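What follows is each chain in one-letter form.
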Amino acid sequence: MTGHRPSLAVVGATGAIGGVMLRILSQHADVWGEVRLVASPRSAGRKLAVRGEESEVLALSEDVFDGIDVALFLVPDEVSARWAPIAAAKGAVVVDDSAAFRLDGDVPLVVPEINPHAARLRPRGIVASPNCTTLSLIVAVGALHAEFGLRELIVSSYQAVSGAGRDGVAALREQLALVAGTELGTRPGDVRRALGDVTGDPGGGAPSPFAAPVALNVVPWAGTDAGDGWSTEEVSLREECRKVLGLPDLKATATCVYVPVVATHSMSVHARFENEVAVDKAHEILATAPGVVLFDNPASGDFPTPSDVVGTDPTWVGRVRRSMDDPHALEMFLCGDNLRKGAALNVAQIAESIAAEFPRR
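Here we summarise the structure given alongside this text. Everything numeric here is computed off the predicted structure, so don't read it as measured data. (Residues numbered from 1 in each chain as written. Predicted model: local features only at pLDDT ≥ 70, side-chain atom pairs only at ≥ 80, totals over all residues. Heavy atoms only, no water.)

Below, the discussion takes up the state of the cysteines. If you walk through the whole model with that rule in mind, you get 0 disulfides. Free cysteine cysteine 241: the closest other cysteine sulfur is in cysteine 256, separated by 11 Å. With no disulfide of its own, cysteine 335 lies 14 Å from the sulfur of cysteine 132, the closest cysteine sulfur. (Disulfide = S-S within 2.5 Å.)

Let us now look at the nonpolar core. With 68 residues, the main nonpolar core has Phe73, Leu137, Leu153 and Val269 as its most contacted residues. With sequence-adjacent residues up to four places away left out, leucine 137 is seen in contact with Leu153, Val155, Leu237, Cys241, Met267, Val269 and Leu334. Ranked by size, the runner-up nonpolar core spans 33 residues in total, among them Ala348, Ile350, Ala351 and Ile354. (Core = buried A, V, L, I, M, F, W, Y, C linked by side-chain atoms within 4.5 Å. Buried < 20%, exposed > 50% of the residue type's maximum accessible area, 1.4 Å probe, protein only. Contact = heavy atoms within 4.5 Å.)

The description of an aromatic ring pair rests on the distance of the ring centres and on the angle between the ring planes. One pass over the full model with this rule turns up 5 aromatic pairs. Relative to phenylalanine 73, the ring of phenylalanine 65 has its centre 5.9 Å away and its plane inclined at 15°; by these criteria the two rings are stacked. A relative accessible area of 0% means that phenylalanine 65 is categorised as buried. With 4.8 Å between their ring centres and 70° between their planes, phenylalanine 210 and tyrosine 258 make a pair best called edge-to-face. Of this pair, phenylalanine 210 sits in the loop between helix H5 (190-195) and strand E10 (225-227) while tyrosine 258 is found in strand E12 (residues 251-258), placing the two residues 48 residues apart along the sequence. With a relative accessible area of 6%, tyrosine 258 lands in the buried category. (Phe/Tyr/Trp six-rings, centres within 6.5 Å; stacked < 30°, edge-to-face > 60°. Helix = DSSP H or I, 4+ residues; strand = E, 2+ residues; numbered from the N terminus.)

Quick look at helix H7 (residues 279-288) now. Turning to H7, its buried residues are Ala282, Ile285 and Leu286. One face of H7 carries all of its buried residues, which in axial projection span an arc of 95°. Summarising the geometry of H7, the exposed residues directed more than 90 degrees from the buried face are Asp280 and Thr288. Buried residues along H7 sit in contact with helix H3 (132-148), strand E14 (292-294), strand E15 (315-322) and strand E16 (329-336). (Arc of directions from axis to C-beta.)

Shown next, in the form of structure tokens:
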């Protein structure tokens, strides 16, 4: 008896998240048969390495999903919205990293450490993966919720520029080159003047995706306008946490901020629970929770920072302390690589759980 190894399509294989996905596929246990790499027509014909072999990238079309069992979508919202239903109609189970289906009532939103069972019920043939900000947070908060009963979240995120894609990384590096070795950052507006119009740069490079300079600065706006002063990143964190945890009335609020870090999101979290909390118990839960590393001895300098966490899979948690004014609340600081668990890894984990559904023959 041999196992039926399902075929896999990776849509968006040439993007930043796609590159991480190909490394994950090469590092994880090989549960796949054919792996088909797919991207936009302009990237078709490129050769990329996966599982130790070079594969040619195919142009996105209906035909590329023929014979595919599972399709991973690592592409912008509008591409997923158009093509994911086509792949599902061809018989593939779609695992989508975009925001196109996350809040669709007929599409499960899955974090394997929290609600793996949800991936089995997929009326539209699509499973969604949460936003990178949500994913950096929820494996830790979800573990605490199981013990204490979460009632409220107040989050401030410090987001890496790679959350805005390759253009975000390019903008930060370009801006850093322009300010390096200067005395900028000491007078009102001097950084902005040196970098020129925030929609571009004096050197004529690619437009910046940020609403203000990100070098020598922080930008308290991530995402697009969601109305009433909120950004889409902030609203999505609230709604996605509610859906994954099964808490439709959870009080949750976020302020999302871009910082001059290439990869790995950080967050300051105030979490209030139904039951009284104790730091020792919280440490015990976090130290044994899947997908979490507890790193919490601030007196010795042990706390997570993005430059230490980048390139790793878990969410790292430190600065865990009980609120001074509320015995039901914990304060903590955490970091998670937004391109790994925050994107590609969660998609890969979902896909691997679906691969296990295929019958052996």
